[in-house]
Amino acid sequence: MKMLINVPETVVDDALRGMAAAHPDLAVDVANRVVVRRDAPVAGKVGLVSGGGSGHEPLHGGFVGPGMLSAACPGEVFTSPVPDQMVRAAAAVDSGAGVLFIVKNYTGDVLNFDMAAELAEDEGVQVAKVLVNDDVAVTDSLFTAGRRGTGATLFVEKLAGAAAEEGAPLERVEAIARQVNESSRSFGVALTAVSTPAKGSPTFDLPQGELELGIGIHGEPGRERRAMMTSREIADFAVNAVLEDLKPTGPVLALVNGMGGTPLLELYGFNAEVQRVLGERGVSVARTLVGNYVTSLDMAGCSVTLCQVDEDLLRLWDAPVQTPALRWGR
Amino acid sequence: MPDQEPDPTLDAAFFRRWLIATAAAVEREADRLTELDSAIGDADHGSNLQRGFRAVTAVLEKESPATPAAVLTLAGRQLISTVGGASGPLYGTLLRRTGKALGDEPEVSHATLAEALGAGVAAVAQLGGAKAGDKTMLDALEPAVTALGTSFGAAAEAAEAGAAATVPMQAHKGRASYLGERSIGHQDPGATSAALLIAALGTAAEESR
C-alpha cells in the first residue's frame, strides 16, 4: 500500500504540524497533541473537549472553533488519546464554567476519558461526560461493549457546541448533548478495507464484488458480508436499518458521510437514494450534510446518520460555526 | 516452593528486570501482536504496547525507584500516559494496583507477589467490566495468578494456555466484541501480550541466577 507519509511513527505529529500551518485560528500543541481554539478559554463559556484515535479526520480537530468544540485530543491512529492530553485540554479551555467531555463509546476512549475526568476534577475543573453510541449495527446487550459512537458525534459536537456558544450552563449543554445522542442513529458500509500506517496493508480481506454491512470507523469488519450492491440497494438497507431503531416522529438532520475513500460524486449519488428512501418512508428531512466527516482513513464506503430534531435543535444546527471542516453563518 | 531453582530475591532490581524483559518480548513479538489484532481489532496492539514499554524502559533507565512497589507504579503511570487505547489504562492499572498491593517493603516474598498480582488482575477486571471467558487479557492473567502460587514457570505455562484457549471464544468486550461470532477462531491479542508479561517473570528470575 502506497501512502503519503514519512514513517508510521510520525504520521500524527506530521499531520498536526500541517494543520497548525493551515489554520492559524487554532492553537496546536504538537508535542502534547492538543488542538485548542486560539481564543480559549472564552469567559463564561462551557468548554467542549472531544478526542479519539486519529484517522477519522476531520473528526475531531477539524471541528474545533467557535460554535463547536473548544479542544480536541488526537490519539495515535485508531487508538484513543491518553488522559494527560484531555487534562491539558480541559485546563486550556476551562473558564470556570466547566467542561463537557464528548466520548465515543469505545472501551479505550471510555477508560482514558474516565481517568482524565478524575484527574481534571482533582485540579478543580468541573467535568461532565456524554457518551456517543449511535451505531445500530451493534446489537447492544449486557454482554458487549455496547453500541459504537460514529456519525452522531458530529451532531453532538455541533449542537452542544452551539448551545455552549450561546452561554448555556454546563448542565444544559450536557442535557443537549445527551438528547442529540439519544435522537441519533447510524449505519455504515464498507466497499474496501482500511490500511493503517502501522500495518501498511488492508486490515481485512474484502474481495472485489463484495461489501461489508454494519462497519464501524476502525477498519474492523462489519456484521455481515454480501455480494456488492447498487447505491440504491445500499441506501435502502442502511436507511431501513436506522429507521428500524429510530422511528422519527418529526423532521431529521441527515448526514451522508464518506469513510475517506469514496469520492463526492458517489456520495452525492448515494444521498439522492437516501433522500428517496426517506421520502418513501414519510420522513421529512430538515437539513442534509454530505461529505467526508467521520472517516476511516482510506476506506471506501459510507454511513448514514439521522438525528430527530425539534425547533430548538434545528436553531442550534443553523447557528454560526467556524471550524476547519464545518463553517457557516458568520 | 516446588521450583527446583531457589526463588530469586524479589527486590526493586528484580521488578526492573521483569519490565525490561517484558519490553524486549513486546519488541520481539510486536508484529505478531499487530497481526492478531488485525484479525479481530484494529491492527495496532503491537505498536501501541511497543510505544508504552519503550517509555517504561526509558524512565527506568533515568530513575531508580527503591522498592518493588515504586518500580511498578512508575511503570504503570508511564503506560497510562503513553499507550492510549484500552490497553494503556488496563496494563497501567494492572501494574499500579499490583505495586500498591506490594506495600513499601524493599523485598517481597513470592506469596506476596502472587497475592498482589491477584489484586492487580481484579482491578483490571473491574475497570474493563470483563470476566474470564470474554476473550480478553483476563483469560491469560487469571490462570497465571492461580499458577503463580506454584512457580514462575507454571504461571507462564498457564498464561500461554489461557491465551491459546481464547481462539474458540466469542469476544464480549472491547473492539473484537463488535464482530460477534466472527471473532471466533482468532487468538485474542490482549491475552497474548499478557502471556508475554507473565513469561517475562521467568526471564527476570533466570537473569538473577
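A short tour of the structure in this document, coming up.

Analysis parameters
- Residues numbered from 1 in each chain as written.
- Chains lettered and ligands numbered in written order.
- Predicted model: local features only at pLDDT ≥ 70, side-chain atom pairs only at ≥ 80, totals over all residues.
- Heavy atoms only, no water.
- Pairing = 2+ DSSP bridges.
- Helix = DSSP H or I, 4+ residues; strand = E, 2+ residues; numbered from the N terminus.
- Axes fitted to C-alpha atoms, helices over the stretch in contact; angles between N-to-C directions.
- Contact = heavy atoms within 4.5 Å.
- Buried area = accessible area lost by both parts, 1.4 Å probe.
- Salt bridge = Lys/Arg side-chain N within 4 Å of Asp/Glu carboxyl O.
- Polar contact = N/O pair within 3.5 Å; in protein donor to acceptor, adjacent residues only side chain to side chain.
- Nonpolar A, V, L, I, M, F, W, Y, C, P; charged D, E, K, R; others polar.
- Disulfide = S-S within 2.5 Å.
- Buried < 20%, exposed > 50% of the residue type's maximum accessible area, 1.4 Å probe, protein only.
- Core = buried A, V, L, I, M, F, W, Y, C linked by side-chain atoms within 4.5 Å.
- Expected span 1.5 Å × (residues − 1).
- Patch = residues over 30% accessible without salt bridge, like charges linked within 9 Å, V, L, I, M, F, W, Y side chains within 5 Å.
- Areas by Shrake-Rupley, 256 points an atom, 1.4 Å probe, with all protein chains shown as cover.
- Lys, Arg positive; Asp, Glu negative; His and termini not counted.
- Charge placed at Lys NZ, Arg CZ, Asp CG, Glu CD.
- Parallel < 35°, antiparallel > 145°, perpendicular 65-115°, else oblique.
- Right-handed = clockwise from strand over helix to strand, strands pointing away.

Notes on the sheet that holds strand E8 (residues 210–213) of chain A
Residues and elements named next belong to chain A.
Inference 1: Reading across from one edge, E9-E8-E7-E12-E10-E11 is the order of the 6 strands in this open sheet, with mixed pairing throughout. Looking at the sheet topology across the chains shown, the edges are occupied by strand E9 (224–227) and strand E11 (285–291). On average, adjacent strands in this sheet sit at an angle of 20 degrees to one another, irrespective of strand direction.
Inference 2: Across 6 bridges, strand E10 (residues 252–258) lies against E11 in parallel orientation. Bridging across to E11, alanine 254 finds its partner in threonine 288.

So, the interface of chain A and chain B
Inference 1: Every contact between the two is made by 35 residues of chain A and, on the other side, 28 residues of chain B.
Inference 2: Regarding the contact of chain A and chain B, the summed buried area is about 2,500 Å², with carbon and sulfur atoms giving 57% of it.
Inference 3: Summed over the shared surface of chain A and chain B, the number is 2 salt bridges.
Inference 4: Across the pair Glu212(A) and Arg182(B) runs a salt bridge, and its minimum N-O distance is 2.9 Å.
Inference 5: Viewed at the interface, chain B and chain A are joined by 9 residue pairs in polar contact (both at pLDDT 80 or more).
Inference 6: Those elements that place two or more of their residues in the side of chain A that touches chain B are strand E4 (71–77), helix H2 (83–93), helix H3 (107–122) and E9 of chain A.
Inference 7: The dominant element in the side of chain A that touches chain B, judged by the number of residues it contributes, is H3(A), at 5 residues.
Inference 8: For the side of chain A that touches chain B, the residue count by class is 14 nonpolar, 12 polar and 9 charged.

A few points about the state of the cysteines
Between two cysteines, a covalent bond joining their sulfur atoms is known as a disulfide.
Residues and elements named next belong to chain A.
Inference 1: In total, this model carries 0 disulfides over all chains according to the counting rule given.
Inference 2: The closest cysteine sulfur to the non-disulfide-bonded cysteine 302 is located on cysteine 307, 19 Å from its own sulfur.
Inference 3: Here cysteine 307 falls in the buried class, since its relative accessible area comes to 0%.

Re the environment of Trp18(B)
All names here are of chain B.
Inference 1: Take tryptophan 18: it is sitting in helix H1 (residues 12–40).
Inference 2: Of the residues examined, tryptophan 18 reaches a relative accessible area of 0% and is grouped as buried.
Inference 3: It is 9.6 Å that separates the C-alpha atoms of tryptophan 18 and glutamate 207, two residues lying 189 residues apart in sequence.
Inference 4: Here tryptophan 18 is in contact with Leu72, Leu95, Leu117, Leu197, Ala200, Leu201 and Ala204, once residues within four sequence places are set aside.

Side note on the pattern of salt bridges
Residues and elements named next belong to chain A.
Inference 1: Going through the model one piece at a time under the given rule, you end up with 27 salt bridges over all chains.
Inference 2: Of the charged contacts in the structure, one is a salt bridge between arginine 226 and glutamate 224, with a shortest N-O distance of 2.7 Å.
Inference 3: Classification of arginine 226 as partly exposed rests on a relative accessible area of 35%.
Inference 4: Salt-bridge contacts for arginine 315 lead to aspartate 312; the nearest nitrogen and oxygen are separated by 2.7 Å. Here aspartate 312 and arginine 315 lie together in helix H8 (residues 311–318), a separation of 3 residues that amounts to about one turn.
Inference 5: The class of aspartate 312 is partly exposed, set by a relative accessible area of 25%.
Inference 6: Through salt bridges with shared partners, one network takes in Arg232, Asp236, Glu273, Arg276 and Glu280.

Remarks on the environment of Arg38(A)
Residues and elements named next belong to chain A.
Inference 1: Counting through the fold element by element, arginine 38 comes out in the loop between strand E2 (34–37) and strand E3 (47–54).
Inference 2: Once the C-alpha coordinates of arginine 38 and alanine 71 are considered, the two residues, 33 residues apart in sequence, prove to be 9.6 Å apart.
Inference 3: Beyond its immediate chain neighbours, meaning those up to four positions away, arginine 38 contacts Pro24, Asp25, Leu26 and Ala27.
Inference 4: A polar side-chain atom of arginine 38 sits 3.0 Å from the main-chain carbonyl oxygen of leucine 26.

Examining the nonpolar core
Inference 1: If you look at the biggest cluster of nonpolar residues, it comprises 63 residues, and the most contacted ones within it are Leu154(A), Phe155(A), Leu159(A) and Val173(A).
Inference 2: Per-element accounting of this core gives the leading share, 9 residues, to helix H4 (residues 152–165) of chain A.
Inference 3: Of all hydrophobic cores here, the second largest spans 59 residues; its members include Val83(B), Tyr91(B), Ala114(B) and Leu148(B).

Considerations on helix H4 (residues 87–102) of chain B
All names here are of chain B.
Inference 1: Given a rise of 1.5 Å per residue, 16 residues ought to cover 22 Å, and the 22 Å separating the end C-alpha atoms of H4 matches this to within 8%.
Inference 2: Most of H4 sits inside the fold, with 12 of its 16 residues counted as buried.
Inference 3: Among all positions of H4, only Ser87, Gly88, Pro89, Leu90, Tyr91, Gly92, Thr93, Leu94, Leu95, Thr98, Gly99 and Leu102 are buried.
Inference 4: Trailing H4 by a residue or two, glycine 103 shows a phi angle of about 75 degrees, which is positive.

Looking at unusual backbone geometry
Residues and elements named next belong to chain A.
Inference 1: Residues alanine 40 and proline 41 are joined by a peptide bond in cis, for which omega reads -5 degrees.
Inference 2: Take proline 41: it is sitting in the loop between E2 and E3.
Inference 3: Looking along the chain, the bond that leaves leucine 59 and enters histidine 60 is cis, with omega of -10 degrees.
Inference 4: Its place among the elements puts histidine 60 in the loop between E3 and E4.
Inference 5: The backbone phi angle of phenylalanine 78 is positive, close to 60 degrees, even though this residue is not glycine.
Inference 6: Checked against the element boundaries, phenylalanine 78 lands in the loop between E4 and H2.

A look at a negative patch on the surface
Residues and elements named next belong to chain A.
Inference 1: A contiguous patch of negative charge, built from Glu118, Glu121, Asp122 and Glu123, is present on the exposed surface.
Inference 2: Locating glutamate 121 in the fold gives a position in helix H3.
Inference 3: With a relative accessible area of 42%, glutamate 121 lands in the partly exposed category.

Observations concerning the packing of H4(A) against H8(A)
Packed helices, taken two at a time, are described by the angle between their axes plus the distance between the axes.
Residue and element names in this part refer to chain A.
Inference 1: Orientation of H4 relative to H8, taken along the N-to-C sense of each, is 90 degrees, at an axis distance of 8 Å. Here H4 lies roughly perpendicular to H8, going by the angle between them. Touching Leu154, Phe155, Lys158, Leu159, Ala162 and Ala163 of H4 are Leu313, Leu316 and Trp317, all from H8.
Inference 2: Of the residues belonging to the contact of H4 with H8, the class tally is 8 nonpolar, no polar and 1 charged.

Notes on the pairing of E10(A)
Sheet faces and side chains relate simply in a regular strand, where the side chains alternate between the two faces.
All names here are of chain A.
Inference 1: For E10, the tally of buried residues reaches 7 of 7 residues, placing the bulk of the element in the interior.
Inference 2: Here E10 shows a buried face lined by Val252, Ala254, Val256 and Gly258 and a second buried face lined by Leu253, Leu255 and Asn257.
Inference 3: This β-α-β element, E10 to helix H7 (residues 264–280) to E11, shows right-handed connectivity.
Inference 4: The pairing of E10 with strand E12 (residues 301–308) spans 7 bridges and is antiparallel. Within E12, the position partnered with glycine 258 by the bridge is cysteine 302.

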